[in-house]
Amino acid sequence: MHVAMIGSGYVGLVSGACFSEFGVDVVCVDKDQSKIDMLEKGVMPIYEPGLDDLVEKNVKAGRLTFTTDFGPAVRNADAVFIAVGTPTTKGGGHADLSYVYAAAKEIAQNMNGYTVVVNKSTVPVGTGDEVERIIRETNPDADFDVVSNPEFLREGSAIGDFTHPDRVVIGTESERAREVMRELYRPLYLIEAPIVFTSRTSSELIKYAANTFLATKITFINEMADLCEKVGADVHDVAKGIGLDGRIGKKFLHAGPGYGGSCFPKDTLALVHTARDVGAPLRIVEAVVDINDKRKKAMASRVIAACGGSVAGKTIAVLGVTFKPNTDDMRDAPSLDIIPALLEDDATVRAYDPEGMEEAKKLLGDVEWCKDAYSTMNGADALVIITEWNAFRGLDLDRVKSLLKSPIMVDLRNIYEPEEMAESGFQYHCIGRGTAGA
Ligand code: UGA
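Residues numbered from 1 in each chain as written. Predicted model: local features only at pLDDT ≥ 70, side-chain atom pairs only at ≥ 80, totals over all residues. Heavy atoms only, no water.

Colleague: I keep staring at the nonpolar core and nothing clicks. Help me out?
Modeller: Nonpolar side chains in soluble globular proteins tend to be buried together. Among the nonpolar cores identified, the biggest contains 42 residues, and F19, F81, V116, M181, L184 and Y185 are the most heavily contacted of them. With 7 residues, the single largest contributor to this core is helix 1 (residues 10–21). For M181, the residues in contact, after removing those within four places along its chain, are F81, V116, V118, V147, N149 and I170. Core analysis: the second largest hydrophobic core is formed by 36 residues, C228, F323, V384 and I408 among them. (Core = buried A, V, L, I, M, F, W, Y, C linked by side-chain atoms within 4.5 Å. Buried < 20%, exposed > 50% of the residue type's maximum accessible area, 1.4 Å probe, protein only. Helix = DSSP H or I, 4+ residues; strand = E, 2+ residues; numbered from the N terminus. Contact = heavy atoms within 4.5 Å.)

Colleague: Hey, could you run me through helix 14 (residues 335–344) in this one?
Modeller: Count 3.6 residues to each turn of an α-helix, and residues three or four apart come out pointing the same way. Every buried residue belonging to helix 14 is among S335, I338, I339 and L342, and all of these are buried. Down the axis, helix 14 shows its buried residues gathered within 90° of arc, on one side only. One or two positions beyond helix 14, positive phi appears at D346, with a value near 70°. (Arc of directions from axis to C-beta.)

Colleague: Sorry if this is basic, but what is going on with the domain arrangement of the protein chain here?
Modeller: Accessible area lost upon the coming together of the parts is a frequently used measure of interface size. Assigned domains of the protein chain: these are domain 1 (2–198) and domain 2 (290–436). Between the C-alpha centres of domain 1 and domain 2 the distance comes to 38 Å. When domain 1 packs against domain 2, the two sides together hide about 580 Å² of surface, and 44% of this comes from carbon and sulfur. For domain 1, the biggest contributors to the area lost against domain 2 are Y47, E155 and G156; these three give 86% of the whole. Counting the contacts that link domain 1 with domain 2 gives 1 salt bridge. With a shortest N-O distance of 4.0 Å, R331 and E155 are connected by a salt bridge. (Domains from an automatic or database assignment. Buried area = accessible area lost by both parts, 1.4 Å probe. Salt bridge = Lys/Arg side-chain N within 4 Å of Asp/Glu carboxyl O.)

Colleague: Would you mind showing me how to read the environment of T348 here?
Modeller: Along the chain, T348 falls in strand 10 (residues 348–352). Residues T348 and D381 lie 33 residues apart in sequence; the distance between their C-alpha atoms is 9.9 Å. When near neighbours in sequence (up to four residues on either side) are disregarded, T348 contacts K314, T315, I316 and E368.

Colleague: I tried to follow the pairing of strand 9 (residues 315–319) on my own but got confused; where do I start?
Modeller: The side chains of a regular strand alternate between both faces of the sheet. Burial of strand 9 is extensive: 5 of the 5 residues sit out of reach of the surface. With burial as the criterion, each face of strand 9 is covered, one bearing T315, A317 and L319 and the other bearing I316 and V318. Where strand 9 and strand 10 come together, 5 bridges link them in parallel fashion. Note that in strand 10 the partner of T315 across the bridge is T348. With 4 bridges joining them, strand 9 and strand 12 (residues 382–385) adopt parallel strand pairing. Across the sheet, residue A317 finds its bridge partner in strand 12, namely L383. (Pairing = 2+ DSSP bridges.)

Colleague: What exactly am I supposed to notice about the pattern of salt bridges here?
Modeller: Should their charged atoms come close, side chains of opposite charge can pair. Summed over the entire model, instances satisfying the criterion amount to 33 salt bridges. Ionic pairing is found between K35 and D30, a salt bridge with its closest N-O pair at 3.7 Å. The burial state of K35 is the same as that of D30; both residues are buried. The salt bridge partner of R433 is E417, with a shortest N-O separation of 3.2 Å. Taken together, the residues R433 in the loop between strand 14 (427–429) and strand 15 (435–436) and E417 in the loop between strand 13 (408–411) and helix 18 (418–423) connect sequence positions 16 residues apart. Sharing partners across several salt bridges, the network here consists of D129, E132, R136 and R200.

Colleague: Help me out: how do you make sense of the packing of helix 5 (residues 98–110) against helix 6 (residues 127–138) in this one?
Modeller: Two quantities define a packed helix pair, namely the angle between the axes and the distance from one axis to the other. At a minimum axis separation of 8 Å, helix 5 and helix 6 run at an interaxial angle of 35°. When you trace helix 5 past helix 6, the crossing you get is right-handed. Judged by residue contacts, V100, Y101, A104, K105, A108 and Q109 of helix 5 engage T127, E130, V131, I134, I135 and T138 from helix 6. Looking at side-chain class alone, the contact of helix 5 with helix 6 contains 7 nonpolar, 3 polar and 2 charged residues. (Axes fitted to C-alpha atoms, helices over the stretch in contact; angles between N-to-C directions. Left-handed = near helix turned anticlockwise from the far one by under 90°. Nonpolar A, V, L, I, M, F, W, Y, C, P; charged D, E, K, R; others polar.)

Colleague: What should I look at first to understand unusual backbone geometry in this one?
Modeller: Among all residues except glycine, the phi angle is most often negative; among peptide bonds, the trans geometry is most common. Its identity is not glycine, yet D332 carries a phi of approximately 50°, on the positive side. Among the structural elements, D332 can be located in the loop between strand 9 and helix 14. Here D332 falls in the partly exposed class, since its relative accessible area comes to 40%. With a phi close to 70°, D346 is a non-glycine residue in the positive phi region. One can find D346 in the loop between helix 14 and strand 10.

Dropping the structure here:
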């Protein structure tokens, strides 16, 4: 089985490496020569745990290659995956499909023999039909099927999500294409991962429905956390108490500063627009988008309140700037709302992140970047945890207290226990669990 993966970004690279691990011959294609050069040297363009080893192993085994040469890669392939970006259109909120359509055209010009064209990019309902139309128009003799096969990979645990998925969704009406997809995912049959075969349209919608549902779950617990603060309840206990109900489930009930990343903000917005366009507005999702945007902005006010109402002239130490741990991804990270608001209020901000600083430096001006957690807080007026990297979970609290000018900690990820923090002499501010020692 030969696969061409069009687009060697996050999704294409992880999926390509994992398929090659399944024993498939994979060629990852990208227009960006410098990216292909890096990959050929074994340098990963993104930080994803385990990806470098997986790539190295499969390159050595001769099952995984990289190229900018579209033609031969597509001509040899039984299945061509489209895994290019679908960013939000400027000022629009729709998904920009120009890269998907350009890939479809180029595939049509190069395909040879029966080919399954698989859409892995996150695309609105109906995109598969348009891809099919473009291929047919460009190459009327082509023998092909277009399949939707959305990805459910989380950054930071993408390899595990690919090799041990909760489910695989395959959208096509063609039995011939299903056979090819079954063959590709055969190793997952052995571990009995559920494979959901459905129509292309349903498959496209499943991807958006999954992400918007998860974003809604997070937003629900975030609002519940705000209520907990008002009534003196503990959001951890509330999450546990509802999450143990199998109908609700305990995952994605961690209250925090609001969801970020390259998927939830973009996909919730795109679905809102799709739904409005067809006259079936999703009022719940519209509220989720609005609440989450406002929440990220409101987090800076929490820090300012914890510092006695003003941060002017104060030094704030920030730990973690990526949208979540185990990634260097800064897209729509809460830090991008919080840090500028603190700077605007005349604070000096010092920050540290294990993987995100290179990218963050491009996005956040006027921040003093530090070499580790402790040097960041040295002499600071308050410490703020924005991303819950493991390295921040077991800080030496006596050392933290001795380094800070005043023992104020704002923990936007609830990684410490309020009672222990109060006992350690901190003024500890977290999300939905009361304020300790203030
Ligand atoms: C998300 C989905 O989880 C994947 O299944 C999907 O494939 C992917 O989008 C995508 O569409 O490509 P990802 O964006 O990598 O994956 O990150 P998540 O782990 O889902 O976290 C998203 C955001 O929600 C982060 O900012 C995280 O901090 C936040 N979050 C998550 C919470 O605030 N609370 C939670 O309980 C869980």
